[in-house]
Amino acid sequence: MPAGTTLRFDQVPLEDFLTCLMQYEQDVRPGYLPPVRSLKEAKLQTRWCPPNHREDVSLNLYFLQETDALTQKVETYLLLHAPSCAASALADLAGRLKVALAKRGQPSLYRIDIRYGLVNGSTLEPVDPTVKWDRPGCNVALYLTEDPASPSLALLEYVPAEHRRKFQELFLRYNRVQPSAPGLLASTFKRFVGGAKAAEPPRRLTYALLKGLAAFLAVEGVQGTTVSLIFKDLTAEEGKKVLLDPKFGAFYPNGQDRFLASLGELA
């Protein structure tokens, strides 16, 4: 079970969160929102009407952080999830988000799935030609990095030889850089022989990023957006100082600090 306390707020109206964030940014006194260093994960849920669709669909955007077991590198990524009927529109939306992030000085790279390609769960443009049907849900992952050798992106060595050309083609087309294949044995050897410790990467999951994403979604014309937040290592008393409506919040002595146990939940 994950260590450390967890403070969660689930499905807070976006307007309420932005009001508290404005006060947090303008007032130096403690309160309003927890320190951003405690923010572990975030999720925005909204209703979205993709182009050429008659009805709205659910759209979820997850800010997730994971530690690679082998390299101990912390990876931060944005996961966009929608029903598979909106797969093509979701890919276009992710492209606009990638551009918006770049304008804010935040580089990003798509994760190209070794079977499904850009849109995991969709037959839109699969790497593996045996993929013939969509899953109920699909997702696109944008990793907040400019390093194609980041562990979750450097997947070329896991692609069957007969499909590697397609994987390389998709990776280069969408990321405009060649895929990296650092090699499992090389990575393992480097870790265990030691060497200079990498500097702690800058924290990428920030309130400013959430605020920017809210502005991006507003331009996209979404409706009824809510935000969910997971904070770590706060006391129950610190949690009571947060000005968000307590009916949306809960404090846990341990656990409850992931929105998703695995991406399989989104199938």
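Residues numbered from 1 in each chain as written. Predicted model: local features only at pLDDT ≥ 70, side-chain atom pairs only at ≥ 80, totals over all residues. Heavy atoms only, no water.

**Focus on the sheet that holds strand S2 (residues 39–48)**
On the basis of which strands lie adjacent, the open sheet formed by eight strands has the order S5-S6-S4-S3-S2-S7-S1-S8 and antiparallel pairing. Two strands bound the open sheet, and with one partner strand each, they are strand S5 (109–110) and strand S8 (249–252). Summarising the sheet, strand S3 (residues 57–67) and strand S4 (residues 74–83) pair through eight bridges and their orientation is antiparallel. What sits directly across from Leu-61, in S4, is Leu-80. (Pairing = 2+ DSSP bridges. Helix = DSSP H or I, 4+ residues; strand = E, 2+ residues; numbered from the N terminus.)

**A closer look at the packing of aromatic side chains**
Taken as a whole, this structure holds five aromatic pairs when the rule is applied. Note on Tyr-24 and Tyr-207: the rings are 5.1 Å apart at their centroids and 80 degrees apart in plane angle, and the pair reads as edge-to-face. Residue Tyr-24 is located in helix H1 (residues 14–26), and its partner Tyr-207 is located in helix H5 (residues 207–219); the two are separated by 183 residues in the primary sequence. According to the relative accessible area criterion, Tyr-207 is buried, its value standing at 4%. One aromatic cluster in this structure is built from Phe-17, Tyr-24 and Tyr-207. (Phe/Tyr/Trp six-rings, centres within 6.5 Å; stacked < 30°, edge-to-face > 60°. Buried < 20%, exposed > 50% of the residue type's maximum accessible area, 1.4 Å probe, protein only.)

**Concerning the environment of Leu-80**
Tracing the sequence through the fold places Leu-80 in strand S4. Taking the relative accessible area as the measure of exposure, Leu-80 reaches 0% and is therefore buried. Placed 14 residues apart in sequence, Leu-80 and Ala-94 show a C-alpha to C-alpha distance of 7.3 Å. Non-local contacts of Leu-80, meaning those with residues more than four positions away in its chain, are made with Asn-60, Leu-61, Leu-90, Leu-93, Ala-94, Leu-97, Cys-138, Asn-139 and Val-140. (Contact = heavy atoms within 4.5 Å.)

**Remarks on the state of the cysteines**
Applying the stated criterion to the full structure yields zero disulfides. Considering cysteine sulfurs only, Cys-138 is the nearest to Cys-85, which forms no disulfide, with 8.0 Å between them. You can call Cys-85 exposed: its relative accessible area is 56%. (Disulfide = S-S within 2.5 Å.)

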